[in-house]
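Observations on the three-dimensional arrangement
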Amino acid sequence: MSNAMYNKMWHQTQEALNSLLDKESQNMMESQRNQVFIFQMLATFYIKYVQIFRNLEDVYDQIVHPQKRILIRKILDGVMGRVLELKNEMVELELTEFHYFDDILQDLKLAPKYSVKSIPLEEAVKLIQISERARQGRLRAMFMKQIFLREHRSKQAKILGEKVADVGAAALQIQKVWRGFHQCKKTEKQREEEMIFLGMNPPPLFNEVSATVIQAEKVASLRNEMQIKHETNYKEALVTIKDDLKLLEGPDIKENLQDQIRHWFIECRNLTGMFPEYPNVEEGGSAIIFSNKTPQQVTEDIIATQEEEEKNKKKKKKKKAKKPKKPKKEKEKKETKEKNKEEDEGWKMSPSVFLPMMEEGNNVYKDMWKNRDESWNFPQDYDPELIKQEKRKELESEIRVQVDELMRQELKNLKLAVNREKEYPVKVGKKKGKKKKKGKKGKKGKRGKKDKDLTADRTIESLYKELVEEGLLIQALKVNLSDYIGEYSYLGTTLRQVSIEPMPSLLDVRQLIALYGILPLGSATVHEKAPLVKSLLLAGPSGVGKKMLVHALCTETGANLFNLSAANIAGKYPGKNGLQMMLHVVVKVARELQPSVVWIGDTEKTFYKKVPSAERTMDPKRLKKQLPKILRLLKPDDRILIVGTTQRPFDAELQSFCKVYQKIILVPRPDYASRFVLWKQIIQRNGGIITNALNISCLAKVTDGFTQGHIVQVVKGVLTDRRIRQQTYKPLTAVEFIAMLASMSPVYQEEEESFKDWYAKTPMGKKRALALTEGNIEKEKEKGKKKEKKGKKEKKKK
């Protein structure tokens, strides 16, 4: 796509964001009580923000203008943060990590991937109606033609006699056979086309990459190269334009500032009878006084502050008498009243940190880019006028520092010459200096205790090398999050309406990894301001892809991967001092080279209820007491995430387990829809060709209970090099895969239920269960009240 197209996309997205911000500002003020309405409101906002995020992501990835990209990135961070805030609101409201939006998506006429359809629904229906009417018209015309031909033949047979009738009958017989054969082939072809259209069969050139896709990839890579080129030009221009401004406009700015400050001296002298006190460097110098103000406004502010100080002094004298203490009963009454008020007010959306950021970015877009004429800038390089505006402000602040030093001296000379005043800055400075020094000493002492560096004499490179040699810092596998294949849960909302808690789908898990891991680790501003997630636990049976998700998290964010599994740290850094040193080195390197992921595999071993005799020599509980301390040390600035994976969470102490892991995500075995997609994708990725002989639906049905790991293992076992070469004359069948599956043990329903029962004992699970029971009790009460009302009405009628 062209620059104009991406600019158009950006403008449309900004308009959508502007309307969404207006709606949200209206809803922020309103208080609501109905929980269903609140969730639907939050969910619609969430979906719309995800749409905007995806559009902005595409624009940021492909737009080449460097100054536009800076603004888009700022707005993009704001949108990402707001998505995380809304997710947190929904978790607190529904008391569950998994949310289902199938009914809302249906109302908004969107697909589950929250992508807007290219054609509106009304137009699509109209197109289908036109094509259907045309098809019916063609069929009717064909039938009418056949009827006409029959009548014509019968007339000719009557006129010409029996001889011609025999020849016609023979020709008709031949036609019947040929037409039957031809129609059979045509029907088969149409059926194949229909199956391809519905997505039941792959297209004929499915494995081959189309020319348009290759061309699009080439264009995208060229645009990325152009981005880098324009970015370097922009950085060079920042330096050169500033130097030019310093030479051309620097002396004029200096003179104007000096004249402005001198004028202020004279005005203050005329109004108050004495020269003003010049602000200190720490306070900001003359910049505080002249921040978008004229000298007259500054003098008016000075007089107003003096009057306010006098009034405050008088008020303090009057209010010296102590107020009588209120009795305890009155305090209790007040507390109860406040509680009742909160209950009456209902639910209100919590204040957002990212809304002001988005509004600021939106206002900058309106002022700077919305109606800007860029007809001169066809290649979309940097705009020199915008750089000049920015650099003038920087240059003015730099020159102001020099001018302040000169004007302070000039003010002293004026005071000595005109008023014969003498200043005694030494005494005041000593007092202030002493106070500050005391404060500094105290702070230094505290920091010294907290940040005691055990490896102050060593470089980060040497520590990094040590961790690699010890096997604590490992290389993450190159796996993308999109490689974690699955399908959406389309019946989540309907099941919850019938008070059945559905098992999450694989794509729900993938979405949570993106929200809690990739977005915060990928952006420093989002991590600092968004709801902080320090630790994450992935619990599920073996083979569901927990380790794959950890590696995908590192690949997507470019994070370093530290392996602190009990088996990996066994025998390394022995003793208490050794353990302290190991954790210190890991945290130090993780902070210095952030983003970082600290992975603890089989994390239930660290929190064992009872250590098995075979594992006692390994000392798996070494990290149990240290992990909460590490979590306390982590601040919003530190882009470090602790990720634990477990396949037997019920072996661990629940209380200490839940204290360490802030978010617990259950990774389930794949459902039918996910298995169907998995079989299809994995066979094709391993060189298999899907034909009509291979019944994937049958495979998906038979493999109920088997995990992704089992499916991958079976496909790799069946599709050997020899079998791949034989596919042209011997297509794949489902029986080949089922034979190998017979030797594997699946995940049974009892194991899945044990995971559900364990999750119900966690803090989030308990809260969810309580909320559901309370909701059911309220529903029963409402039903009882309705029945009573109906009974009373019937009695009155009688």
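Looking only at helices and strands, the chain has 30 helices and six strands in total. The buried share of the chain, taken over its 798 residues, is 36%. The long-range share in the chain, meaning contacts at least 24 apart out of those at least 6 apart in sequence, stands at 83%. Here the chain has roughly 51,000 Å² of accessible surface; of this, 55% comes from carbon and sulfur atoms.

Taken together, the side chains of Lys 145, Arg 150, Arg 153, Lys 176 and Arg 179 define a basic patch exposed on the protein surface. For the positive patch, the secondary-structure elements that each account for two or more residues are helix H5 (121–160) and helix H6 (162–198). It is H5 that contributes the most residues to the positive patch, three residues altogether. Its location among the elements puts Lys 176 in helix H6. Residue classification places Lys 176 among the exposed positions, given a relative accessible area of 54%.

Another aspect to go through is the pattern of salt bridges. For the structure shown, the criterion picks out 28 salt bridges. Arg 675 is paired through a salt bridge with Asp 704; the nearest N and O atoms lie 3.4 Å apart. Of this pair, Arg 675 sits in helix H24 (residues 672–685) while Asp 704 sits in the loop between helix H25 (696–702) and helix H26 (708–718), and the two are 29 residues apart along the sequence. Among the residues examined, Arg 675 registers a relative accessible area of 3% and is labelled buried. Residue class for Asp 704 comes out partly exposed when judged on its relative accessible area of 47%. In the salt-bridge network here, residues are joined through shared partners; they are Lys 242, Lys 391, Glu 394 and Glu 398.

Now for unusual backbone geometry. Cis geometry is found at the peptide bond from Gln 594 to Pro 595, where omega equals 5°. Examined against the element boundaries, Pro 595 turns out to sit in the loop between helix H21 (575–592) and strand S4 (596–601). At Asp 602, a residue that is not glycine, the phi angle is positive and equals roughly 45°. Tracing the backbone through its elements, the reader meets Asp 602 in the loop between S4 and helix H22 (626–633).

With that settled, consider the confidence of the model for the chain. Averaged over all residues, the pLDDT of the chain equals 83, while 83% of them reach at least 70. Every residue in residues 320–326 scores below 50 in pLDDT, and together they form two contacts with partners more than four places removed in sequence or on other chains.

The tally for this structure, following the rule as stated, stands at 14 aromatic pairs. Centroid distance Phe 607 to Phe 657: 5.3 Å. Interplanar angle 65°. Geometry classified as edge-to-face. With a gap of 50 residues between them, Phe 607 in the loop between S4 and H22 and Phe 657 in helix H23 (residues 654–660) connect regions that are remote in the sequence. Cluster of aromatic residues (ring-pair linked, three or more members): Phe 607, Phe 657, Tyr 661 and Trp 758. Lying over the aromatic face of Tyr 60, Arg 69 brings its terminal NZ or CZ to 4.3 Å of the ring centre. Lying across the ring of Trp 369, Arg 372 places its NZ or CZ 5.6 Å from the centre.

Let us now look at the packing of helix H3 (residues 66–94) against helix H12 (residues 354–369). Contact geometry of H3 with H12 gives a least axis separation of 8 Å together with a crossing angle of 150°. The angle between H3 and H12 places the two elements in the roughly antiparallel class. By crossing handedness, the relation of H3 to H12 is classed as left-handed. Residues Gln 67, Lys 68, Leu 71, Lys 74, Ile 75, Asp 77, Gly 78, Val 79, Gly 81, Arg 82 and Glu 85 of H3 touch H12, and the partners they reach there are Phe 354, Leu 355, Met 357, Met 358, Glu 360, Gly 361, Asn 362, Val 364, Tyr 365 and Trp 369. Counted by class, the contact of H3 with H12 contains ten nonpolar, five polar and six charged residues.

Time to look at the sheet that holds strand S1 (residues 473–474). Strand order in the open sheet formed by six strands is S1-S3-S4-S5-S2-S6, and the pairing between neighbours is mixed. What marks the edges here is a single partner per strand, and that holds for S1 and strand S6 (663–666). Looking at chain direction, strand S2 (residues 535–539) and S6 are connected through four bridges and run parallel. What sits directly across from Leu 538, in S6, is Ile 665.

Reading guide: rules and limits
- Residues numbered from 1 in each chain as written.
- Predicted model: local features only at pLDDT ≥ 70, side-chain atom pairs only at ≥ 80, totals over all residues.
- Heavy atoms only, no water.
- Helix = DSSP H or I, 4+ residues; strand = E, 2+ residues; numbered from the N terminus.
- Buried < 20%, exposed > 50% of the residue type's maximum accessible area, 1.4 Å probe, protein only.
- Contact = heavy atoms within 4.5 Å.
- Areas by Shrake-Rupley, 256 points an atom, 1.4 Å probe, with all protein chains shown as cover.
- Patch = residues over 30% accessible without salt bridge, like charges linked within 9 Å, V, L, I, M, F, W, Y side chains within 5 Å.
- Salt bridge = Lys/Arg side-chain N within 4 Å of Asp/Glu carboxyl O.
- Lys, Arg positive; Asp, Glu negative; His and termini not counted.
- Charge placed at Lys NZ, Arg CZ, Asp CG, Glu CD.
- pLDDT = per-residue confidence, 0-100.
- Phe/Tyr/Trp six-rings, centres within 6.5 Å; stacked < 30°, edge-to-face > 60°.
- Lys NZ or Arg CZ within 6 Å of the ring centre and 35° of its normal.
- Axes fitted to C-alpha atoms, helices over the stretch in contact; angles between N-to-C directions.
- Parallel < 35°, antiparallel > 145°, perpendicular 65-115°, else oblique.
- Left-handed = near helix turned anticlockwise from the far one by under 90°.
- Nonpolar A, V, L, I, M, F, W, Y, C, P; charged D, E, K, R; others polar.
- Pairing = 2+ DSSP bridges.

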